[in-house]
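Below are the chains, spelled out letter by letter.
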Amino acid sequence: MKVSDLVAAINTGVGVGFSASAGKADSPDVDIALVERVKAGDMAAFDALTKKYRERLYGVVYNMLSNREDAMDVVQDSFIKAFSAIGSFKGKSAFYTWLYRIAVNKSITFLKRARFRRFFSLDNSDEELAAPDIVEKLSENCGAPRKLILNELKEKLNEALQTLSIKHRTVVVLFEIEGLSHQEIAEITNASEATVRTRLHYAKQQLRAYLKDYLK
Amino acid sequence: MPQKIKLEDLLKLKRAERPSNSDWERFDAELKRRLVREIVGEPYSKRFFDGVFSRTFAVYSSALGILGAVLAIAVAPTFIASFSSETDLSRQDAEFAPSHLPNIEKSFAINELPVSEFDEQTLVSANINSSDSNPVRYVSSSIGGGFGGNVF
């Protein structure tokens, strides 16, 4: 299969076994083939990998940092790092797990450096993707317009995530928002599955307490 | 009747926060530029200056600039007022100040200054006869011809 075919397949979502809503890639063979091409110097293959994973990587990083500009920078850093270190990728884990690990580590490093510099800049929500049934429920419960509810909730959710420690935030973002499994998160964070479950449980307790007004 | 909402439902809303297509276009362009730089291996100096003039630096320098401007605006009126009062005073002083005469430290008649006390910095005036063999030949120029003697 040519790289251009792969790119076309990835862009159209046909033949690569990837579903945008799944939150994870189930096409390790395609990824491995692309990685091998990148190792051989094929930039188009790297472009294909970038286009395939940039949104999911952004999702992780953005929800950890709560700042869209910083998230864009960190995602770029992650891809640059992946490109320069791709020779060390042996295929023992899935490529996307490896890529997520780079992005999570980059985010953690960024957060540690920018501990005293916290600005939120939030992305616009895609109204169609914003779980309309949930917004509808909230709108009914509060008696406020949907748009208002959505904006307020967005800010409140970001605040809630920022109250968590980096480790707990990482687990919540990867599990609840990105939809990865406990096992995948354990691989990415280099922790045991039991640790991941414990962190997730504790983080959700904290979030429930912070967001109790919305969880009636 | 209010409907129960779960935490997991709320967190699903976060999936909807995504950059626009134009954001992704910029992202791709910037990533390509950085990849090329990574492959080509730009000189350290270029990377350094790129780093120095990065967005973060721009934010901090802008903040400093704004702070400086605010301080300047706050302090400038006081400074200008004190400066203008000072210049007014000095202008008044200048109007009434007498013009200074040349400062002559010593004045003596011919042959009064011993050679041992001679100093190049000492301004002297004396009536001097050019035919004298006296080593002193200095006369203040401001009073040069006023004494009717020779001037060297």
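Definitions and limits used
Residues numbered from 1 in each chain as written. Chains lettered and ligands numbered in written order. Predicted model: local features only at pLDDT ≥ 70, side-chain atom pairs only at ≥ 80, totals over all residues. Heavy atoms only, no water. Axes fitted to C-alpha atoms, helices over the stretch in contact; angles between N-to-C directions. Helix = DSSP H or I, 4+ residues; strand = E, 2+ residues; numbered from the N terminus. Parallel < 35°, antiparallel > 145°, perpendicular 65-115°, else oblique. Left-handed = near helix turned anticlockwise from the far one by under 90°. Contact = heavy atoms within 4.5 Å. Buried < 20%, exposed > 50% of the residue type's maximum accessible area, 1.4 Å probe, protein only. Buried area = accessible area lost by both parts, 1.4 Å probe. Salt bridge = Lys/Arg side-chain N within 4 Å of Asp/Glu carboxyl O. Phe/Tyr/Trp six-rings, centres within 6.5 Å; stacked < 30°, edge-to-face > 60°.

A word on the packing of helix α8 (residues 166-177) of chain A against helix α9 (residues 182-189) of chain A
Residues and elements named next belong to chain A.
Part 1 of the argument: Relative orientation of the contacting elements α8 and α9 amounts to 140°, with a least axis distance of 10 Å. With respect to their mutual orientation, α8 and α9 come out oblique. When the axes of α8 and α9 are compared, the crossing they make is right-handed. Contacts between α8 and α9 involve Thr-170, Val-171, Leu-174 and Phe-175 on the former and, on the latter, His-182, Ile-185, Ile-188 and Thr-189.

Focus: unusual backbone geometry
Residues and elements named next belong to chain A.
Part 1 of the argument: A positive phi angle, close to 60°, is found at Ser-66, a residue other than glycine.
Part 2 of the argument: Inspection of the secondary structure puts Ser-66 in the loop between α3 (43-65) and α4 (68-85).
Part 3 of the argument: Using a relative accessible area of 0% as the deciding quantity, one classes Ser-66 as buried.
Part 4 of the argument: Positive phi outside glycine occurs at Asn-190, with the angle close to 60°.
Part 5 of the argument: Its location among the elements puts Asn-190 in the loop between α9 and α10 (193-210).

Structural notes on the interface of chain B and chain A
Part 1 of the argument: Contacts between the two partners involve 31 residues from chain B and, on the opposite side, 55 residues from chain A.
Part 2 of the argument: Together, the buried faces of chain B and chain A total about 4,200 Å²; carbon and sulfur atoms form 62% of this surface.
Part 3 of the argument: Taken as a group, B:Lys14, B:Glu17 and B:Arg18 account for 16% of the area that chain B buries against chain A, more than any other trio of residues on that side.
Part 4 of the argument: Between the two partners, chain B and chain A, sit 7 salt bridges.

Thoughts on the packing of aromatic side chains
Part 1 of the argument: Inspection of every chain in the model, using the stated rule, returns 11 aromatic pairs over all chains.
Part 2 of the argument: Seen in terms of ring centroids, A:Tyr58 and B:Trp24 are 5.7 Å apart; in terms of plane orientation they differ by 80°. Their pairing is edge-to-face. You can see A:Tyr58 sitting in helix α3 and its partner B:Trp24 sitting in helix α2 (residues 21-40), one on each of two chains.
Part 3 of the argument: Between B:Trp24 and B:Phe27, the ring centres sit 5.2 Å apart and the planes meet at 85°, which makes this aromatic pair edge-to-face. Within this pair, B:Trp24 and its partner B:Phe27 are both found in helix α2, separated by 3 residues, close to a single helical turn.

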